[in-house]
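Summary of the model geometry
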Amino acid sequence: MPQTKIVFFDIDGTLIDMQAKKITPKMLETLHRLQDRGIKICIATGRSPMVLPKIDGVAFDAYLTFNGSLCYDRKGVIFSNPIPHKDVVRFIQNAAALGRPVCVSTRDRLAANGTDTDLTDYFFMPVADDFDAVCAEDIYQLMLGCRPKDYPALLDGAPGAKIAAWWDRAVDVIPAGGGKGIGIEKMLAYYGLDKAEALAFGDGNNDREMLQAVGTGVAMENGSPELKAIADEICGPVYEDGIYHYCADKGLI
């Protein structure tokens, strides 16, 4: 097995238990020990850069945000892939026809044109008076509450957008040519690393492409059945420090 040189971590349900909402001491130890062995540690999330968790004492080597649409490290941007403006406009119109408010994400701001229970439960979205002006900027991701049956109507006439969902009541909308898998490909090329040297941990359906873009894709035991079906391996659940035990068993820490 090739030596692991980089590890990608989803956040919610993977790095951090969604119920406890904080990193465990064992997971913190895992991150430190990986770096001590010269292995790069990277966040790979649907979140925007503004809402990444602050983990005391840990400086990640790189960040894959917006499900791969914006990737960067301490030196600067590695990959930037906003949603085409015309598709942002059409998607918002489609959502309005379904009575659904939308939140748009630039690199530095979240702005919503309304709210509903699903969107609020997904994440707190500030309603913006200047929503239209924000939409004129580069939009990396949209978020809205909906159900799987709504996907075709939402995507109608917006070929430059696609849905990345890990929950059945809300979705992230990203560029059609994007995704965590594309982001990882760009990051591996940037660091001059081979796919076989990369490891990734995830729990949701939006992690499918990520697990397939690395040499070893590991699904959390608490992950979705669909993700576990395509994963190379499965580790213990997040609430039992599954990643720590996996890394220890594989001699990574």
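This report concerns the structure included in the present document. (Residues numbered from 1 in each chain as written. Predicted model: local features only at pLDDT ≥ 70, side-chain atom pairs only at ≥ 80, totals over all residues. Heavy atoms only, no water.)

Looking at the packing of aromatic side chains
Geometry of an aromatic ring pair is reported as the spacing of the ring centres plus the angle between the planes. As enumerated under the stated definition, the model contains seven aromatic pairs in all. Summarising the aromatic geometry, the rings of F9 and F201 are spaced 5.7 Å apart at their centres and angled 10° between planes, so their arrangement reads as stacked. In this pair, F9 is assigned in strand β1 (residues 6-9) and F201 in strand β11 (residues 198-202), connecting sequence segments 192 residues apart. A relative accessible area of 0% places F201 in the buried class. Members of the aromatic cluster, connected to one another through ring pairs, are F9, F201 and Y246. If you follow R107 out to its NZ or CZ, it ends over the ring of Y72, 4.9 Å from the centre. (Phe/Tyr/Trp six-rings, centres within 6.5 Å; stacked < 30°, edge-to-face > 60°. Helix = DSSP H or I, 4+ residues; strand = E, 2+ residues; numbered from the N terminus. Buried < 20%, exposed > 50% of the residue type's maximum accessible area, 1.4 Å probe, protein only. Lys NZ or Arg CZ within 6 Å of the ring centre and 35° of its normal.)

Here's the deal with the sheet that holds strand β6 (residues 103-105)
The strand order β7-β6-β8-β10-β9 describes an open sheet built from five strands, whose pairing is antiparallel. Edge positions in the sheet fall to β7 (110-112) and β9 (161-164), since each of these pairs with one other strand and no more. Averaged over all neighbouring strand pairs, the angle between strand axes comes to 25°, with direction disregarded. Relative to β7, β6 is paired through three bridges, and the arrangement is antiparallel. Across the sheet, the residue bridging to S105 is L110, located in β7. The sheet contacts of helix α2 (residues 85-97) involve β6, β8 (141-145), β9 and β10 (170-175), and relative to β8 the element is tilted by about 5°. (Pairing = 2+ DSSP bridges. Axes fitted to C-alpha atoms, helices over the stretch in contact; angles between N-to-C directions. Contact = heavy atoms within 4.5 Å.)

Quick word on the pattern of salt bridges
Overall, the coordinates contain 19 salt bridges when judged by the stated rule. As a salt-bridge pair, D12 and R47 come within 2.6 Å of each other at their nearest N and O atoms. Here R47 lies in the loop between β2 (40-44) and β3 (62-65) and D12 lies in the loop between β1 and α1 (25-36), a separation of 35 residues in the sequence. Since its relative accessible area comes to 21%, D12 is described here as partly exposed. Here R74 ties to D61 by a salt bridge, and the two come within 3.8 Å at their closest N and O atoms. (Salt bridge = Lys/Arg side-chain N within 4 Å of Asp/Glu carboxyl O.)

Some words on the pairing of β1
Here is the key point about a regular strand: its side chains alternate between the two faces of the sheet. Covered by surrounding structure in β1 are I6 and F8 together with V7 and F9, the residues of both alternating faces. With four bridges connecting them, β1 and β2 associate as parallel partners. Counterpart to F8 in the pairing with β2 is C42. One crossover worth recording links β1 to the parallel β2 by way of α1, and it is right-handed. The sheet contact formed by β1 and β11 spans four bridges and is parallel. Bridge assignment links F8 to a residue of β11, and that residue is A200. (Right-handed = clockwise from strand over helix to strand, strands pointing away.)

Describing unusual backbone geometry
Phi angles above zero are rare outside glycine, and F66 is one such case at about 50°. Checked against the element boundaries, F66 lands in the loop between β3 and β4 (70-73). Located in the positive-phi region is N67, a residue other than glycine, with phi close to 55°. Relative to the elements of secondary structure, N67 occurs in the loop between β3 and β4. The class of N67 is buried, set by a relative accessible area of 1%.

Quick notes on the environment of D61
Mapped onto the fold, D61 is located in the loop between β2 and β3. Taking the C-alpha atoms as reference points, D61 and I43, 18 residues apart in sequence, are found 8.5 Å from one another. Other than its neighbours up to four places away in sequence, D61 contacts Q35, I39, K40, I41, D73, R74 and Y191. A distance of 3.1 Å separates polar atoms of two side chains, one belonging to D61 and the other to Q35. (Polar contact = N/O pair within 3.5 Å; in protein donor to acceptor, adjacent residues only side chain to side chain.)

Looking at the packing of α1 against helix α9 (residues 242-249)
With their axes 8 Å apart at the nearest point, α1 and α9 run at an angle of 40° to one another. Taken as axis vectors, α1 and α9 run oblique relative to one another. Relative to α9, the crossing made by α1 is left-handed. Judged by residue contacts, K26, M27, E29, T30 and R33 of α1 engage I243, Y244 and C247 from α9. (Parallel < 35°, antiparallel > 145°, perpendicular 65-115°, else oblique. Left-handed = near helix turned anticlockwise from the far one by under 90°.)

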